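Reading the structure
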Amino acid sequence: MTVCSICAKVFAEENKMLRIGLGMTLALGLAMSTPAVAKDSGAYMWGVGGHVSTMIIPGKYPITFPTSIDKYNFIDEEDENGGDPNSDEPKRDLDTNGDPIFTTLERVKNDISFGGDFVYYIERKHRIGAMVQYGTGKRFSDVAILGRYDYVYAQQDQFQLLFGGGIGFGSQTYKGAVTPEKLNVSYFPLRLNVAGLARFDTSALQLSIFAQSAVPSNQQYTKLDGTEVESVGSAFSLFSYLSAGLELTFMYGDFKPPKKKGGKKGGKKGGKKGGKGGKGGKGGKGK
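Computed from a predicted model, the values in this text were never measured in an experiment.

Pro62 follows Tyr61 through a cis peptide bond whose omega is 0 degrees. For Pro62, the position within the fold is in the loop between strand E1 (45–57) and helix H4 (67–70). The peptide bond linking Thr179 to Pro180 adopts the cis configuration, its omega dihedral lying at 10 degrees. Positionally, Pro180 belongs in the loop between strand E5 (159–175) and strand E6 (182–199). Of note, the phi angle at Tyr72 is positive, near 45 degrees, even though the residue is not glycine. Position of Tyr72 relative to the elements: it lies in the loop between H4 and strand E2 (112–121).

Take a nonpolar patch on the surface next. A grouping of Val52, Ile112, Phe114, Leu205, Leu207, Leu248, Phe250 and Tyr252 is seen on the molecular surface, where their side chains present a nonpolar patch of about 730 Å² in accessible area. If you list the elements that add at least two residues to the nonpolar patch, you get E2, strand E7 (203–222) and strand E9 (242–254). The leading source of residues in the nonpolar patch is E9, at three residues. Counting through the fold element by element, Leu207 comes out in strand E7.

Our focus in this paragraph is the pairing of strand E4 (residues 140–156). As judged from the 12 bridges shared by strand E3 (residues 126–137) and E4, these two strands associate in the antiparallel manner. Within E4, the position partnered with Gln133 by the bridge is Ala144. Counting the residues in the hairpin turn of E3 and E4 gives two residues, including Arg139, whose phi is positive at 50 degrees. Direction of pairing for E4 relative to E5: antiparallel, over a ladder of 16 bridges. Bridging from a neighbouring strand, Ala144 pairs with Gly170 of E5. Taking the residues that link successive antiparallel strands as the turn, the E4-E5 hairpin has two residues, and the phi of Asp157 there is positive, at about 55 degrees.

Let's shift gears to the confidence of the model for the chain. Considering every residue of the chain, the mean pLDDT works out to 81; 71% of them sit at 70 or more. Note that pLDDT drops below 50 for residues 1–40; the model gives that stretch 44 contacts with residues more than four away or on any other chain. Overall, residues 280–284 carries pLDDT values under 50, and its contacts beyond four positions in sequence, including any with other chains, amount to zero contacts.

Attention now moves to the side chain of His51. Its location among the elements puts His51 in strand E1. Residue contacts for His51: discarding those within four places in its chain leaves Ser113, Phe114, Gly115, Gly116, Asp117, Met131, Val132, Gln133, Glu247, Leu248 and Thr249.

Next up on the list: the packing of aromatic side chains. A complete count under the given rule lists nine aromatic pairs for this structure. On the numbers, 6.4 Å between centres and 70 degrees between planes, the contact of Tyr61 with Phe140 is edge-to-face. With Tyr61 in the loop between E1 and H4 and Phe140 in strand E4, this pair connects stretches of sequence that are 79 residues apart. Accessibility assignment for this pair places Tyr61 and Phe140 in one class, buried. Joined through ring pairs, the aromatic side chains of Tyr61, Phe65, Phe140, Tyr174 and Tyr241 make up one cluster. Looking at Arg191, its charged tip hangs above the ring of Phe210, at a distance of 4.2 Å from the centre.

Another aspect to go through is the pattern of salt bridges. Counted according to the given criterion, the structure contains seven salt bridges. Arg127 is paired through a salt bridge with Asp150; the nearest N and O atoms lie 2.9 Å apart. Of this pair, Arg127 sits in strand E3 while Asp150 sits in strand E4; the two residues are 23 residues apart in sequence, bridging distant segments of the chain. Here Arg127 and Asp150 have matching classes, each one buried. Two residues, Glu247 and Arg191, come together in a salt bridge whose shortest N-O distance is 3.0 Å.

Take the side chain of Arg199 next. Note on placement: Arg199 falls in strand E6. The charged side chain of Arg199 is buried without a salt bridge, its nearest counter-charge being Asp201 at 5.9 Å.

What counts and how
Residues numbered from 1 in each chain as written. Predicted model: local features only at pLDDT ≥ 70, side-chain atom pairs only at ≥ 80, totals over all residues. Heavy atoms only, no water. Helix = DSSP H or I, 4+ residues; strand = E, 2+ residues; numbered from the N terminus. Patch = residues over 30% accessible without salt bridge, like charges linked within 9 Å, V, L, I, M, F, W, Y side chains within 5 Å. Areas by Shrake-Rupley, 256 points an atom, 1.4 Å probe, with all protein chains shown as cover. Salt bridge = Lys/Arg side-chain N within 4 Å of Asp/Glu carboxyl O. Pairing = 2+ DSSP bridges. pLDDT = per-residue confidence, 0-100. Contact = heavy atoms within 4.5 Å. Phe/Tyr/Trp six-rings, centres within 6.5 Å; stacked < 30°, edge-to-face > 60°. Buried < 20%, exposed > 50% of the residue type's maximum accessible area, 1.4 Å probe, protein only. Lys NZ or Arg CZ within 6 Å of the ring centre and 35° of its normal. Lys, Arg positive; Asp, Glu negative; His and termini not counted.

Okay, here's the thing in structure tokens:
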């Protein structure tokens, strides 16, 4: 069984977007690793590899679930399944016994993400790239693809300090402790990062601190009884899915900058000086 077939089985039940993104990243990496292609690519530097990351802030992710889920309120009017109209308690859905229903979704505490990366230095200061990743936690999964840009703010010897960010699309799933309850969130990741990169001739190691907002395009909820609610919460809950964390990336490629071209200039200067010397020699002979 090949590596590709194993990857395909692992992600077979996940969003198609992840498999497409992985394929694109691997294809770019394989193409660039071919000596002839790498030589003619015109890249200042390039690399392909993988990363591992985790969220540090908030302690539990997301910051909050949609209000209707937290309060378990999916009814439009007060009725026999919507609590006591004369009560000061928040309106909630009730079960067949008349007791309040509470969600079994849990915010994620320990998460980890794995992914593939491709970077391409257009020139010394500017770098573009792509990233695809799969995240997991307790009854939690996340897939995302991002296009990225980084600016080399400072560099010294084999070290670079980069500032950048990315934008893309993704999907998160939170499963309740009781089946079939779950929340599916389609979102647009907006990311900012600062990174330190240690480079060698054919490899590089990068440590990044990132901040990200997963801007939801839709939040689809399946209730405890299996009923689907097509949209819960706001489609632009910028603050519910904010996070910050650490990312460690290892890349293989060509991280040796091209040599500066200075031979022609030196030759021209030398030629001019030589010509002046020749004239002086002729003058001396005539005297």
